[in-house]
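# Remarks on the overall topology
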Amino acid sequence: MTGSPRILLIGPYDPLCGEYTFLAPPLGVWRLAGVLESAGAEVRVFDPNCCGGPPSRALERELLGGAWDIIGSSTTGMTLRFDLELAHLARRMAPNALLVAGGMEATFRPELMFSLGPFDCVVLGEGERPLLELVARLRAGAPLKGVTGTAERGADGQCLRMRQQALTRTELRDAIFHTPYERMPYGAYWERLEKAYRVGALPTKAAREASLAEIHSVRLITLNYCPMGCTFCSSTNFLHEAQGSVASIARLDAEECLRMMQRIVGAHPRVRTIIFQDDIFVFTKDKRVLPLCEAIVAAKAGGALPPSLQFISTNRIDAMSAERLAAMRRAGFRVLGFGIENFSRNVLAEFNKAQIYPHIQPTLADALELGITPFLDIILSSPRATLADVATTLREAFRWLRQGCEVGMYPYVIPFSGAAMTVDPTLKQFTVCERREVAGTNVAWDQPAKILPLEAAVREAILRIEREFEASLRRLESCAAHLPSRVRSLIWILSSLPVMAEHGLTVADEQDVRRELACRLPRLERESGLAMAAAG
């Protein structure tokens, strides 16, 4: 062919506005766009979560804008039925384009992509090398079959995988540097979030500033994958699956991180917070964090970064020390995420995280004392959890929430494709599927949705708590514009109290929980929200 290949990249579609994805531009898709543009391709990103009007209509307009050589669709397990809706639309309107699926779900289940979707091939793992090869073949007029790093259907209908090595450190760095932050529509997302938070209606300047710092954030990835191997996690196995063996760790060094931060600030001067989207930002044996913090402090002092710029990262709690916490606080890290997952030693062992147990109490206490807000991701139950384990986690979550931690809660393990628990045959009978349908098509399938506890009493308790939580949430959402995770966690705890009490297990005093909820509900909706919560 002559000229530049035309490529349309479609981000994951989350019509529930942040329930399954970040309310931010799809970073991996934009990184691919930057890499392909550097190779001379003409690339457009279609973000179904930030477009004018219904996404299907907006995509139709995009598809009518010219002939596309490649249309790439990014998929996740939670958004798959919505991603497939757009993929089928793309096939109907662009029958001659090469339709490619990518992302986590596509890598782990390429056969599913071919059975449910209209795809010609599936990218396994990172998309940079395979898509660059497809661009080169388009230019040369060469066949588009047999590209390393993809899966395709063989003549016999079987799925053929052509595995690829993960990007080297240099390749990862170059890909991150090519991310076109200048074109990413963060401003549009910020406007949507300000409306959701009703920032203009907040009663004090301090409250508005705090919300703006949370809203005006830009995400940056500096790592290729998390090596911890948690049994409920799929992302830890993503590159291993694509490569067929254990992939090497790669990440930016301190100087490269600083360069990217300066680029982000230059592209989006209104940014208040940079969120490091790495699954783990600080390792136990980490040579980067202290030099990076020193470089940030120096850059702020020298005017290369705004003095008020803040940071959020997710970290191994057993990688934190008093020295590291203090350095991160000086640099401007205001929230540190910790994937604690559970406060029971038994459940942590089941999650392959027993080593973090002795570090939880001292690290959280040290962080709070320094003025850092820990954010704790919590899974209330595991397949082999007891009611005592669930009560312990609820009790400790409420204790730390009252001391100043933020908490996000999930009732049970979600069976993500590629996670060790998802393929555990002993858990199959306790895995609940839900029927999924793709709008505008006859495509439907049963998708694993939850792994419930093996013990009947625990299973019944978790499902009762979930039902009460959902009912309470519906009542509160009718009078509140935005219910952040801190509020939702209190609703989980409140919903658990009568259920756990029936089993003789005390979690917290109901009035204490209601008082905390009253303090944390959006102020304008507080009175009506509390009345509705009490009515439940």
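Here's a quick rundown of the structure. Small disclaimer: the values here were computed from a predicted structure and weren't measured.

## Some remarks on the overall build of the chain
Summing up its helical and strand segments, the chain has 20 helices and 15 strands in all. Taking 24 Å as the expected radius of gyration for a compact globule of 536 residues, we find that the chain reaches 23 Å, a close match to that expectation. Once the C-alpha set of the chain is aligned to its principal axes, its extents read approximately 70 × 60 × 45 Å. Taking all 536 residues of the chain together, the buried fraction comes to 54%.

## Some points on helix α7 (residues 169-177)
Within α7 the residues assigned to the buried category are Leu172, Ala175, Ile176 and Phe177. The elements touched by buried residues of α7 are α1 (27-38), α6 (128-140), β8 (217-220) and α11 (254-267).

## Looking at the sheet that holds strand β1 (residues 6-10)
In spatial order, the strands read β2-β1-β3-β4-β5-β6-β7; together these seven strands make up an open sheet with mixed pairing. Both edges of this open sheet fall to β2 (42-46) and β7 (159-162), since each of them pairs with a single strand only. Taking each pair of neighbouring strands and ignoring which way they run, the sheet shows an average axis angle of 20°. Bridge count for strand β4 (residues 98-103) against strand β5 (residues 121-123) is two bridges, and the pairing is parallel. Counterpart to Ala101 in the pairing with β5 is Val122. The strands touched by helix α2 (residues 55-63) within the sheet are β1, β2 and β3 (70-75), with β2 carrying the most contacts at an inclination of about 170°.

## Things to note about the packing of α7 against α11
Packing of α7 against α11 leaves a shortest axis separation of 11 Å and a crossing angle of 10°. One finds that α7 runs roughly parallel with respect to α11. Contact residues: α7 offers Arg169, Arg173, Ile176 and Phe177, while α11 offers Glu256, Arg259, Met260 and Arg263. Among the residues forming the contact of α7 with α11, the class breakdown is three nonpolar, no polar and five charged.

## Thoughts on the packing of aromatic side chains
The tally for this structure, following the rule as stated, stands at 10 aromatic pairs. Here the aromatic rings of Tyr13 and Phe82 are separated by 5.8 Å at their centres, their planes lie at 65°, and the arrangement is edge-to-face. You can see Tyr13 sitting in the loop between β1 and α1 and its partner Phe82 sitting in helix α3 (residues 80-93), a full 69 residues away along the chain. Residues Tyr13 and Phe82 agree in their burial class; the two are buried. An aromatic cluster of at least three residues, connected via ring pairs, comprises Phe276, Phe281, Phe311 and Phe333. When the ring centre of Trp68 is taken as origin, the NZ or CZ atom of Arg6, which lies over that ring, is 4.0 Å away. The aromatic ring of Phe283 is capped on one face by Arg251, whose charged end is 4.6 Å from the ring centroid.

## Description of the nonpolar core
One recurring pattern in soluble globular proteins is that nonpolar side chains are buried together. With 112 residues, the main nonpolar core has Met261, Phe333 and Leu376 as its most contacted residues. If one sorts the elements of this core by residue count, helix α18 (residues 485-502) sits on top with nine residues. In contact with Leu376, not counting residues within four places along its chain, are Phe338, Ile340, Phe343, Leu364, Trp400, Cys405, Glu406, Val407 and Gly408.

## Structural notes on the state of the cysteines
This model, assessed by the stated rule, comprises zero disulfides. Lacking any disulfide linkage, Cys233 is separated from the closest cysteine sulfur, that of Cys230, by 6.1 Å.

## Structural notes on the packing of α11 against helix α12 (residues 289-302)
Relative orientation of the contacting elements α11 and α12 amounts to 40°, with a least axis distance of 9 Å. As summarised for this structure, α11 and α12 are arranged oblique, according to the angle between their axes. Two packed elements cross with a definite hand, and for α11 against α12 that hand is right-handed. In this structure, α11 contributes Ala254, Cys257, Leu258 and Met261 to the contact, and α12 contributes Pro291, Leu292, Ala295, Ile296 and Ala299.

## Overview of the pairing of β1
Of all the five residues making up β1, five are buried; the element is thus mostly covered by neighbouring parts of the structure. Going residue by residue along β1, you find Arg6, Leu8 and Ile10 tucked away on one face and Ile7 and Leu9 tucked away on the opposite face as well. Sheet topology places β1 next to β2; five bridges connect them, and they run parallel. Each residue of the ladder has a partner; that of Leu9, found in β2, is Val45. Strand direction decides the pairing type here: β1 and β3, joined by four bridges, are parallel. In the strand pairing of β3, Ile7 is matched with Ile70.

## A look at the sheet that holds strand β11 (residues 333-341)
Read from one edge of the open sheet, six strands run β8-β9-β10-β11-β12-β13, paired in parallel fashion. Both edges of this open sheet fall to β8 and β13 (406-410), since each of them pairs with a single strand only. For this sheet, the mean inter-axis angle between neighbouring strands, taken without regard to orientation, is 20°. One ladder, built from four bridges, connects strand β9 (residues 273-276) with strand β10 (residues 310-315); its direction is parallel. Paired with Ile274 across the two strands is Phe311, which belongs to β10. With respect to the sheet, helix α16 (residues 387-403) is in contact with β12 (373-379) and β13, its orientation differing from that of β13 by roughly 155°.

## Some thoughts on the environment of Glu128
Within the element layout of this structure, Glu128 appears in helix α6. Those residues in contact with Glu128 that sit more than four places away from it in its chain are Arg31, Leu32, Val35, Leu167 and Ala175. Of note is the side chain of Glu128, whose polar atom sits 2.8 Å from the side chain of Arg31.

## Section: unusual backbone geometry
Here Glu341, not a glycine, exhibits a phi torsion of approximately 75°, which is positive. Take Glu341: it is sitting in strand β11. By relative accessible area, which is 9% here, Glu341 ends up buried. With a phi angle near 65°, Asn352 is a residue other than glycine that sits in the positive phi range. Inspection of the secondary structure puts Asn352 in the loop between α14 (345-350) and α15 (357-369). Judged by its relative accessible area of 37%, Asn352 falls in the partly exposed class.

## Looking at the pattern of salt bridges
Inspection of the entire model under this criterion finds 29 salt bridges. For Arg183, the salt bridge is made with Glu37, and the minimal N-O distance between the two is 2.4 Å. One end of the pair, Arg183, is in the loop between α7 and α8 (186-197); the other, Glu37, is in helix α1, with 146 residues separating them in the sequence. The partner of Arg263 in a salt bridge is Glu182, with the nearest N and O atoms 3.2 Å apart. Taken together, the positions of Arg263 in helix α11 and Glu182 in the loop between α7 and α8 put the pair 81 residues apart, joining distant regions of the chain. Residue Arg263 is classed as partly exposed on the basis of its relative accessible area, which comes to 25%.

Conventions used here
- Residues numbered from 1 in each chain as written.
- Predicted model: local features only at pLDDT ≥ 70, side-chain atom pairs only at ≥ 80, totals over all residues.
- Heavy atoms only, no water.
- Helix = DSSP H or I, 4+ residues; strand = E, 2+ residues; numbered from the N terminus.
- Rg over C-alpha atoms; globule rule 2.2 N^0.38 Å.
- Buried < 20%, exposed > 50% of the residue type's maximum accessible area, 1.4 Å probe, protein only.
- Contact = heavy atoms within 4.5 Å.
- Pairing = 2+ DSSP bridges.
- Axes fitted to C-alpha atoms, helices over the stretch in contact; angles between N-to-C directions.
- Parallel < 35°, antiparallel > 145°, perpendicular 65-115°, else oblique.
- Nonpolar A, V, L, I, M, F, W, Y, C, P; charged D, E, K, R; others polar.
- Phe/Tyr/Trp six-rings, centres within 6.5 Å; stacked < 30°, edge-to-face > 60°.
- Lys NZ or Arg CZ within 6 Å of the ring centre and 35° of its normal.
- Core = buried A, V, L, I, M, F, W, Y, C linked by side-chain atoms within 4.5 Å.
- Disulfide = S-S within 2.5 Å.
- Left-handed = near helix turned anticlockwise from the far one by under 90°.
- Polar contact = N/O pair within 3.5 Å; in protein donor to acceptor, adjacent residues only side chain to side chain.
- Salt bridge = Lys/Arg side-chain N within 4 Å of Asp/Glu carboxyl O.

Purely geometric numbers; function is a separate question.
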